[in-house]
2 protein chains.
Amino acid sequence: MHLQNVLPADIEKRSMEIIGEELGQIRIDPEKIDIVKRVIHTSADFDYARNMLFSDGVVEKALDALQKGATIVTDTNMACTGINKMGLGKLGAKAVCFMADPDVAARAKEAGSTRAAACMEKACTIEGPVIIAVGNAPTALVRLDELVKEGKIKPELVIGVPVGFVNVVESKEIIMKTGIPYIVARGRKGGSNVAAAICNALIYKLTRK
Amino acid sequence: MHLQNVLPADIEKRSMEIIGEELGQIRIDPEKIDIVKRVIHTSADFDYARNMLFSDGVVEKALDALQKGATIVTDTNMACTGINKMGLGKLGAKAVCFMADPDVAARAKEAGSTRAAACMEKACTIEGPVIIAVGNAPTALVRLDELVKEGKIKPELVIGVPVGFVNVVESKEIIMKTGIPYIVARGRKGGSNVAAAICNALIYKLTRK
């Protein structure tokens, strides 16, 4: 079996070149291409070249929020772990996940809801700009939609990429009508890795210039 | 937008039913089906129904290793975070990731290699049964193959699901010839989420009976 001789430091660059070549004729706006490519890089799944939807001007708004030191709230510890901490540090931004917090578990139990939904309620208490990144639980997006409509939270950006088979497709359609700037992977696909990849693509736009 | 009324506790069960229905005529051995379904559950990608390869008797061997309190070594902190700690605890098993260890970074720099490869060297020092779970770096599998051949490590199982475009396909073919029991996703696809999902499927076979 023949291995390509690529230096460790060059593997990511070469990967992105291959992805760019294979995207071929698919046209993606220049400010979005880095984001789509990083999601394909993390999944090897070219479906993301077609299913990712961006609200008007969302990339500029997201970068502005990160530069203002936004708090990224994820719905899994996995996604939170996957976000580049060095990049966040350079921006004075941070990533948090409330899923393992005892008060979140208690609130979910009381409401007969999910911990992910309770996390969205806890996110309402954060001061400063907030980015919501959902890679797992559609119930988080459904609850977020309600909280926005109730005036309890106004995120700068929602990354809506839960994965799965029950209410996932629907939750993404709902959140795209809420009026928050969004980056969404339409359909069933997504995941904690995809959520982290989108966050990192945004962070790298500011920190790897 | 109409949401299905599924209780939080029933979402996973309903998801697995849908995956089972959509697998349709694809035949998968009974001891492997839970693993394949959990990978599809984490990715919404039915390619995994066809690309997952299992060495002979690997599931039984993997369960035996977990029951003996195996240490799972992952190549990303994300995968390590995604493995169910309550299940590991019940089995007396554990999951570790050396990627952020200073000695690993130093060793990789010295060798002109990757930190993931250096992690495999560090894994040789673990006492007791070891399971290697690679969801990101093909260089980890390539180095693991060398270390096994040098007699420095003998894992009970390798989960070989790195994702990507440079030497990923090749590294999986190499590791399937090393002689270690394996679960591999052939081709470019995989990821930290897939690695964690395979670990969790194995853990749940023992702890959710």
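Residues numbered from 1 in each chain as written. Chains lettered and ligands numbered in written order. Predicted model: local features only at pLDDT ≥ 70, side-chain atom pairs only at ≥ 80, totals over all residues. Heavy atoms only, no water.

Chain A goes by Precorrin-8X methylmutase in an unreviewed UniProt entry, where it is assigned to Phascolarctobacterium succinatutens YIT 12067. Here chain A is described in UniProt, under the heading Sequence similarities (unreviewed entry), as follows: "Belongs to the CobH/CbiC family." For chain A, the Pathway (unreviewed entry) comment in UniProt is given as "Cofactor biosynthesis; adenosylcobalamin biosynthesis." (UniProt positions renumbered as here; feature names shortened; annotations may be inferred.)

1. Side note on the overall build of chain A
Within chain A, the regular secondary structure consists of 11 helices and 6 strands. In terms of overall dimensions, chain A is globule-like: its C-alpha atoms have a radius of gyration of 17 Å, near the 17 Å expected for 209 residues. In chain A, buried positions account for 60% of the 209 residues. For chain A, the proportion of contacts with a sequence separation of at least 24, taken over those separated by at least 6, is 63%. Carbon and sulfur atoms make up 49% of the accessible area of chain A, which totals about 9,200 Å². (Helix = DSSP H or I, 4+ residues; strand = E, 2+ residues; numbered from the N terminus. Rg over C-alpha atoms; globule rule 2.2 N^0.38 Å. Buried < 20%, exposed > 50% of the residue type's maximum accessible area, 1.4 Å probe, protein only. Contact = heavy atoms within 4.5 Å. Areas by Shrake-Rupley, 256 points an atom, 1.4 Å probe, with all protein chains shown as cover.)

2. Examining the relation of the copies chain B and chain A
When chain B is fitted to chain A, the residual RMSD is 0.0 Å, and the transformation amounts to a turn of 180 degrees plus an axial shift of 0.0 Å. The superposition of one copy onto the other is thereby described by a two-fold rotation axis. Among all residues of chain B, the one whose C-alpha sits closest to the rotation axis is Met 78 of chain B, at a distance of 2.6 Å. Comparing interface residues between copies, 100% of those in chain B also lie at the interface in chain A; the contact surface is shared. (Least-squares fit on C-alpha atoms with pLDDT ≥ 70 in both.)

3. Quick look at the sheet that holds strand β4 (residues 130–134) of chain A
All names here are of chain A. The strand order across the open sheet formed by 6 strands is β1-β6-β5-β4-β2-β3, and the pairing between neighbours is mixed. Unpaired on one side and paired on the other, β1 (52–54) and β3 (94–97) mark the two borders of the sheet. The sheet shows a mean angle of 15 degrees between the axes of neighbouring strands, taken without regard to direction. (Pairing = 2+ DSSP bridges. Axes fitted to C-alpha atoms, helices over the stretch in contact; angles between N-to-C directions.)

4. Remarks on the interface of chain B and chain A
Listed per partner, the contact involves 43 residues of chain B and 43 residues of chain A. For the chain B and chain A pair, buried surface summed over both sides reaches about 3,400 Å², with 70% attributable to carbon and sulfur atoms. In this structure, Glu 22 of chain A engages Arg 188 of chain B in a salt bridge whose closest nitrogen and oxygen atoms are separated by 2.5 Å. Our enumeration of links across chain B and chain A arrives at 6 residue pairs in polar contact (both at pLDDT 80 or more). Considering every element that reaches the side of chain B that touches chain A, the biggest residue donor is helix α1 (residues 11–23) of chain B, with 6 residues. In terms of residue class, the side of chain B that touches chain A is built from 18 nonpolar, 18 polar and 7 charged. (Buried area = accessible area lost by both parts, 1.4 Å probe. Salt bridge = Lys/Arg side-chain N within 4 Å of Asp/Glu carboxyl O. Polar contact = N/O pair within 3.5 Å; in protein donor to acceptor, adjacent residues only side chain to side chain. Nonpolar A, V, L, I, M, F, W, Y, C, P; charged D, E, K, R; others polar.)

5. Focus on the environment of Glu 31 of chain B
Residue and element names in this part refer to chain B. Relative to the assigned elements, Glu 31 resides in helix α2 (residues 30–43). Placed 41 residues apart in sequence, Glu 31 and Ile 72 show a C-alpha to C-alpha distance of 21 Å. Those residues in contact with Glu 31 that sit more than four places away from it in its chain are Val 59 and Lys 205.

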